[in-house]
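# Descriptive analysis of the structure
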Amino acid sequence: MYVKAIYTHRIECGEVLEQVLDRYVSELLKEEVVLAITSKIISICQKQVVCKTACSKEELIKREADAIVDMAHSICLTIKDNILIPSAGIDESNGNEVYILYPKDVQKTALSIWNYLKTKHCIKHLGILITDSNVTPMRRGVTGIALGWCGFEPLYSYIGKPDLYSEPLKVTQVNLLDALATSAVLVMGEGAEQTPMAIISGAPKVHFLTRPPTTKEEKSVKISMKKDLYSPLLMGARWLKRNLKNLLFLHKEK
């Protein structure tokens, strides 16, 4: 597998994303590659930013998060778009005195980018991956996570396949979205690299699709709090919920 970061100019608020793509990725696209795009430049193009003088970050987190852990000294642990992430995904880095929010309609955005590039460049098999950075419990440092995608199956299943001793595997699945996102985030960087996109070629286990993901496929990468490995911790926390309709997987108030 080969991951190539794409250097760009400094993307400014309100730029047209399609024009950015035309300028930097047109010559790099070919069959069976995955284009990774950091969510930050999508948010900037969508004007999903708030001036730091407009409100405090704490106020913004309360507004943007779908749920917040009720803690005496911190409101950092949140759920946003069914993802457990600090601070509702709000980012200050590389923001020039603004808070950068999550993109709007991230899955629809991935589909729109996929349709645009496939049509313009007559490509049959193309993957799109919108990435962000996230943390892993009890591990220092960030890795990548996928917020939206299109053009390939999100999971690779080992269920039913034999292990080294011919015993069938029962539960193992590879999350291709987050695995590829981590590789892309690594080469794109977190600081002043100015490489907000990456081309991934030769990725193993990726099965490309010529259609958008189904609703079932979109849900297949998510798991309820009750069934999650960290369920004892997640269910034990007291969550302050903003929108119950979007958080049906959270436990009921006692």
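Here is a short report on the structure shown in this document. Predicted, not measured: the structure shown is a model, and the values here were computed from it.

Reading the values: the criteria
- Residues numbered from 1 in each chain as written.
- Predicted model: local features only at pLDDT ≥ 70, side-chain atom pairs only at ≥ 80, totals over all residues.
- Heavy atoms only, no water.
- Helix = DSSP H or I, 4+ residues; strand = E, 2+ residues; numbered from the N terminus.
- Rg over C-alpha atoms; globule rule 2.2 N^0.38 Å.
- Buried < 20%, exposed > 50% of the residue type's maximum accessible area, 1.4 Å probe, protein only.
- Expected span 1.5 Å × (residues − 1).
- Arc of directions from axis to C-beta.
- Contact = heavy atoms within 4.5 Å.
- Pairing = 2+ DSSP bridges.
- Axes fitted to C-alpha atoms, helices over the stretch in contact; angles between N-to-C directions.
- Parallel < 35°, antiparallel > 145°, perpendicular 65-115°, else oblique.
- Left-handed = near helix turned anticlockwise from the far one by under 90°.
- Nonpolar A, V, L, I, M, F, W, Y, C, P; charged D, E, K, R; others polar.
- Phe/Tyr/Trp six-rings, centres within 6.5 Å; stacked < 30°, edge-to-face > 60°.

### Brief notes about the overall build of the chain
- A tally of helices and strands in the chain yields seven helices and 13 strands.
- For 254 residues, the compact-globule estimate of 2.2 N^0.38 gives 18 Å, and the C-alpha radius of gyration of the chain, at 19 Å, lies within 12% of that figure.
- The burial tally for the chain puts 43% of its 254 residues in the buried class.

### Side note on helix H4 (residues 106-121)
- Its 16 residues place the ends of H4 22 Å apart at the C-alpha level, agreeing with the 22 Å of an ideal helix rising 1.5 Å per residue.
- Buried within H4 are the following residues: Val106, Gln107, Thr109, Ala110, Ile113, Trp114, Leu117 and Lys118. Projected onto a plane normal to the axis of H4, the buried residues spread over an arc of 160 degrees and lie on a single side. Exposed side chains of H4 directed beyond 90 degrees from the buried face belong to Lys108 and Thr119.
- If you follow the buried residues of H4, they end up packed against helix H1 (17-24), strand E2 (33-38), helix H2 (39-45), strand E8 (126-135), strand E9 (142-150) and helix H6 (215-220).
- Trailing H4 by a residue or two, cysteine 122 shows a phi angle of about 50 degrees, which is positive.

### Re the sheet that holds strand E5 (residues 77-80)
- A sheet is described by the order of its strands in space; here four strands give the open sequence E6-E5-E4-E13, paired in antiparallel fashion. The open sheet has two free edges, formed respectively by strand E6 (83-86) and strand E13 (239-241), since each of these has just one partner strand. In this sheet, adjacent strand axes meet at a mean angle of 30 degrees when their direction is disregarded.

### Describing the environment of proline 137
- Looking at where proline 137 falls in the secondary structure, it is placed in the loop between E8 and E9.
- C-alpha separation for the pair proline 137 and cysteine 51, spaced 86 residues apart in sequence, amounts to 30 Å.

### Remarks on the pairing of strand E12 (residues 197-201)
- Across the five residues of E12, five count as buried, placing the element largely inside the fold.
- Of the two faces of E12, the one lined by Met197, Ile199 and Ser201 and the one lined by Ala198 and Ile200 are each fully buried.
- Summarising the sheet, E2 and E12 pair through five bridges and their orientation is antiparallel. Bridging from a neighbouring strand, isoleucine 37 pairs with methionine 197 of E12.

### Observations concerning the packing of H1 against H4
- Across the interface, H1 lies against H4 with an axial gap of 11 Å and an inter-helix angle of 45 degrees. Here H1 is positioned oblique relative to H4, judged by the angle of their axes. Judged by the twist between their axes, the crossing of H1 over H4 is right-handed. Residues Leu17, Glu18, Leu21 and Asp22 of H1 pack against Ser112, Ile113, Tyr116, Leu117 and Lys120 of H4.
- Classifying every residue of the contact of H1 with H4 gives five nonpolar, one polar and three charged.

### Re the environment of lysine 226
- Here lysine 226 is to be found in the loop between H6 and helix H7 (231-236).
- Residue lysine 226 is classed as exposed on the basis of its relative accessible area, which comes to 66%.
- Beyond its immediate sequence surroundings of up to four residues, lysine 226 is in contact with Ser231 and Met235.

### Quick look at the packing of aromatic side chains
- Following the criterion strictly, the structure yields two aromatic pairs and no others.
- Between tyrosine 156 and tyrosine 158 the ring centres are 5.1 Å apart and the planes differ by 80 degrees, which places this aromatic pair in the edge-to-face class.
- With relative accessibility at 24%, the residue tyrosine 156 sits in the partly exposed group.
- Judged by its relative accessible area of 24%, tyrosine 158 is partly exposed.

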